[in-house]
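These are the residues of each chain, in order.
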Amino acid sequence: QVQLVESGGGLVQAGGSLRLSCAASGRTFITYGMGWFRQAPGKEREFVAAIRPRGGSTYYAASVKGRFTISRDNAKNTLYLQMNRLKPEDTAVYYCAATMRSIALGLGSSYDSWGQGTQVTISS
């Protein structure tokens, strides 16, 4: 329903930083709960971070809390994920997701739309 396009992935050394962006189509971005998920080879999709509609509360997986920051620019229909102090275990394809609901944002099943993903590779 909502088209999402991730960008900003790449190859970074451990300890470095990367900023991911997710551009959303449509007029109702501000009303959507947004999330970031990731999936590493051979592993299941994993919740990373989420933010409620408008500029609401944020949530983080324990593995990234204190290192990653999720934010949104509603005027630009864009979601961001600032990733600092990156580790090799952060290597994965990162997906942006949107939901018209704001319940259980840590569950992938709560989301209505998904982007194609952007590859993040952290070298040691």
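Notes on the structure follow. It should be emphasised that the depicted structure is a prediction, and the values quoted were computed from it without experimental measurement.

What about the sheet that holds strand β7 (residues 68-73)?
Across the sheet, which stays open at both edges, the 4 strands sit in the order β1-β3-β8-β7 with antiparallel pairing between neighbours. Each of the sheet's edge strands pairs with one partner strand only, and the pair in question is β1 (4-7) and β7. On average, each strand axis in the sheet is inclined to that of its neighbour by 15°, with strand direction left out of account.

Brief notes about the state of the cysteines
In total, this model carries 1 disulfide according to the counting rule given. Sulfur-sulfur distance for the disulfide between cysteine 22 and cysteine 96 comes to 2.0 Å. Handedness of the cysteine 22-cysteine 96 disulfide follows from its S-S torsion of about -75°: it is left-handed. Within this pair, whereas cysteine 22 is found in strand β3 (residues 18-24), its partner cysteine 96 is found in strand β9 (residues 92-99), the two being separated by 74 residues in sequence. The residues cysteine 22 and cysteine 96 share a single accessibility class, namely buried.

Calculation rules
- Residues numbered from 1 in each chain as written.
- Predicted model: local features only at pLDDT ≥ 70, side-chain atom pairs only at ≥ 80, totals over all residues.
- Heavy atoms only, no water.
- Pairing = 2+ DSSP bridges.
- Helix = DSSP H or I, 4+ residues; strand = E, 2+ residues; numbered from the N terminus.
- Axes fitted to C-alpha atoms, helices over the stretch in contact; angles between N-to-C directions.
- Disulfide = S-S within 2.5 Å.
- Buried < 20%, exposed > 50% of the residue type's maximum accessible area, 1.4 Å probe, protein only.

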